[in-house]
Amino acid sequence: MSKSMRLMITLLVTLALVASATLAMARPIVIKFSHVVAENTPKGQMANKFKELVDERLAGKVEVEVFPNSQLFGDNKVLEAMLLGDVQLAAPSLSKFNKYTKSLQIFDLPFLFKDMAAVEKFQQGEVGQKMLMSMKKKGLIGLGYLHNGMKQLSASSALRIPADAKHKKFRIMSSDVLAAQFEAIDAMPLKKPFSEVFTLLQTKAIDGQENTWSNIYSKKFYEVQPYITESNHGVLDYLVITSAEFWMDLPEDIKVEVKKALDEAITFGNSVSAQKAINDRQKIIDSKRSKIVELTDAERQQWVEAMKPVWKQFEGEIGKEYIDAAIQSN
Ligand code: LMR
């Protein structure tokens, strides 16, 4: 090969390398945000707000793609997918981290938190903040909590006292505490993905389920569940989560901006959750498809007494000092 030919090849190879490096630099970082609920929910709205803020502030540098309604991954797969780098952001319910940490089980203890203000106080306090990092060794980082709200019990018959739920089948999220909660009232819990709940109810494969007003409304559970007991027996909140590897690799300036957008989107999502707890409840009443069962104090007390032994059952795994801190937040 002649000298000029060699020079030519070297030049071409260098040019190709420079071009591909420039292209790589120019390509935006993609954040896939996968979730299971409808867009008109606190989480759906939060995800869309996050995308909007990032589009506005980090155009060309970061691109957010939101996948609602279990389109990309259901909650049973999303964390594995995150560890493989197939998705960068998700916000599963706090009840869906059983495989990765035991401490978050605290949020499933029935009748632990009096209301959402108590939940907020606990999450923002020392213990709640420590829990964000409880899965770091497993490769997952919690970036913040997002509210949905208090759970209600829907069913094919009216549930006034725990005995009404006896031998009935309830769909639950993948949480051992929630399983124990239904076993405590002699009911049968079934762990099933959110995407299957409507069909299970419609075909009467199960008798009931527990969820927030916004999930019951947006997924039309109220159309196939003639009774909803206003029990407020537990909380359904989320952990906004990312992979430690993805997060550590983000350039510092981008990370700061992404986190800021996320915090603002969470604040927005929380305000949506507070409104929806009232408005979606009202829309269900107005639909006349489902009757709301309001409990007397004495009736509610029966549920408390039947379910509260679950606390002791999980005290060892969760930690008594954590449960005490939660009680303090009430
Ligand atoms: C459920 O599975 O019932 C909820 O976790 C769905 C959700 O993300 O709100």
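Residues numbered from 1 in each chain as written. Predicted model: local features only at pLDDT ≥ 70, side-chain atom pairs only at ≥ 80, totals over all residues. Heavy atoms only, no water.

Some remarks on empty space enclosed by the protein
At step 1: Per the counting criterion, the structure on display carries 2 cavities of 30 Å³ or more.
At step 2: Its volume calculated, the largest cavity comes out at about 60 Å³.
At step 3: Lining the largest cavity are 13 residues, and of these Val36, Lys96, Phe194, Asn215 and Leu236 sit closest to its centre.
At step 4: Split by residue class, the lining of the largest cavity holds 6 nonpolar, 3 polar and 4 charged.
At step 5: The calculated volume of the second largest cavity comes to roughly 30 Å³.
At step 6: Lining the second largest cavity, in full, are Val36, Ser70, Gly74, Asp75, Lys96, Pro193, Phe194 and Ser195.
At step 7: For the lining of the second largest cavity, the residue count by class is 3 nonpolar, 3 polar and 2 charged. (1 Å grid on protein atoms, 1.4 Å probe; cavity = no way out; pocket = protein on both sides within 12 Å on 5 of 7 lines; lining within 4 Å. Points joined across faces, edges and corners; volume = space filled by probe spheres on them. Nonpolar A, V, L, I, M, F, W, Y, C, P; charged D, E, K, R; others polar.)

A closer look at the sheet that holds strand 8 (residues 208-211)
At step 1: As summarised here, the arrangement of the 6 strands in space is 7-6-8-5-9-11, forming an open sheet in which the pairing is mixed. With partners counted over all chains shown, the strands left at the sheet margins are strand 7 (188-191) and strand 11 (291-293), one partner each. Going from strand to strand, the sheet's axes swing by 30° on average, the running direction of each strand aside.
At step 2: Alignment of strand 6 (residues 169-172) against strand 8, held across 2 bridges, turns out to be parallel. Paired with arginine 171 across the two strands is glutamine 209, which belongs to strand 8. (Pairing = 2+ DSSP bridges. Helix = DSSP H or I, 4+ residues; strand = E, 2+ residues; numbered from the N terminus. Axes fitted to C-alpha atoms, helices over the stretch in contact; angles between N-to-C directions.)

Focus: the nonpolar core
At step 1: Within the largest apolar cluster, 62 residues are counted, with the highest numbers of intra-cluster contacts made by Phe50 and Trp303.
At step 2: In terms of residues, this core owes the most to one element, helix 10 (residues 252-287), which gives 7 residues.
At step 3: With residues near it in sequence (within four places) discarded, tryptophan 303 still touches Phe111, Leu153, Leu159, Arg160, Ile161, Pro162, Ala165, Ile185 and Leu295.
At step 4: In terms of nonpolar packing, the next biggest core, distinct from the first, is built from 38 residues, Leu109, Ala118, Leu140 and Ile323 among them. (Core = buried A, V, L, I, M, F, W, Y, C linked by side-chain atoms within 4.5 Å. Buried < 20%, exposed > 50% of the residue type's maximum accessible area, 1.4 Å probe, protein only. Contact = heavy atoms within 4.5 Å.)

What about the site of the ligand?
At step 1: Around the ligand, the neighbouring residues are Val36, Val37, Lys43, Ser93, Lys96, Arg171, Met173, Phe194, Asn211, Asn215, Leu236 and Tyr238.
At step 2: Contacts to the ligand include lysine 96, whose side-chain N or O atom sits 2.6 Å from an oxygen atom.
At step 3: In this structure, asparagine 211 approaches the ligand through a side-chain N or O atom, which is 2.8 Å from an oxygen atom.
At step 4: In isolation the ligand exposes 270 Å². Once the protein is present, 100% of that is buried.
At step 5: Put simply, the ligand lies in the largest cavity.
At step 6: For the shell around the ligand, a count of residues per class yields 6 nonpolar, 3 polar and 3 charged. (Near = heavy atom within 4 Å. Polar contact = N/O pair within 3.5 Å; in protein donor to acceptor, adjacent residues only side chain to side chain. Areas by Shrake-Rupley, 256 points an atom, 1.4 Å probe, with all protein chains shown as cover. Sits in = over half its atoms within 2 Å of the grid points.)

Here's the deal with helix 2 (residues 42-57)
At step 1: Along its 16 residues, helix 2 runs 22 Å from first to last C-alpha, staying within 8% of the 22 Å computed at 1.5 Å per residue.
At step 2: Among the residues making up helix 2, those that are buried are Pro42, Lys43, Gly44, Met46, Ala47, Phe50, Leu53 and Val54. (Expected span 1.5 Å × (residues − 1).)

Concerning the layout of surface pockets
At step 1: Its boundaries defined by the atoms lining it, the largest pocket holds a volume of some 250 Å³.
At step 2: Looking at the largest pocket, it is lined by 17 residues, and the ones nearest its centre are Met116, Asn148, Gly149, Met150 and Ala277.
At step 3: Mapped by element, the contributors of at least two residues to the lining of the largest pocket are strand 4 (140-150), helix 8 (213-218) and helix 10.
At step 4: Partitioning the lining of the largest pocket into residue classes produces 5 nonpolar, 8 polar and 4 charged.

Re unusual backbone geometry
At step 1: For phenylalanine 111, which is not a glycine, the phi torsion comes out positive at approximately 60°.
At step 2: The phi dihedral of histidine 167 falls on the positive side, at around 65°, and the residue is not glycine.
At step 3: Topologically, histidine 167 is positioned in the loop between strand 5 (152-155) and strand 6.
At step 4: On the accessibility criterion, histidine 167 (60% relative accessible area) is exposed.

Observations regarding the pairing of strand 2 (residues 62-67)
At step 1: Direction of pairing for strand 1 (residues 29-34) relative to strand 2: parallel, over a ladder of 6 bridges. The residue of strand 2 that forms the bridge with phenylalanine 33 is valine 66.
At step 2: Following the backbone out of strand 1, through helix 2 and into the adjacent parallel strand 2, one traces a crossover that is right-handed. (Right-handed = clockwise from strand over helix to strand, strands pointing away.)

Side note on the side chain of asparagine 270
At step 1: Looking at where asparagine 270 falls in the secondary structure, it is placed in helix 10.
At step 2: Dropping the residues within four chain positions of it, asparagine 270 is found in contact with Glu120, Leu146 and His147.

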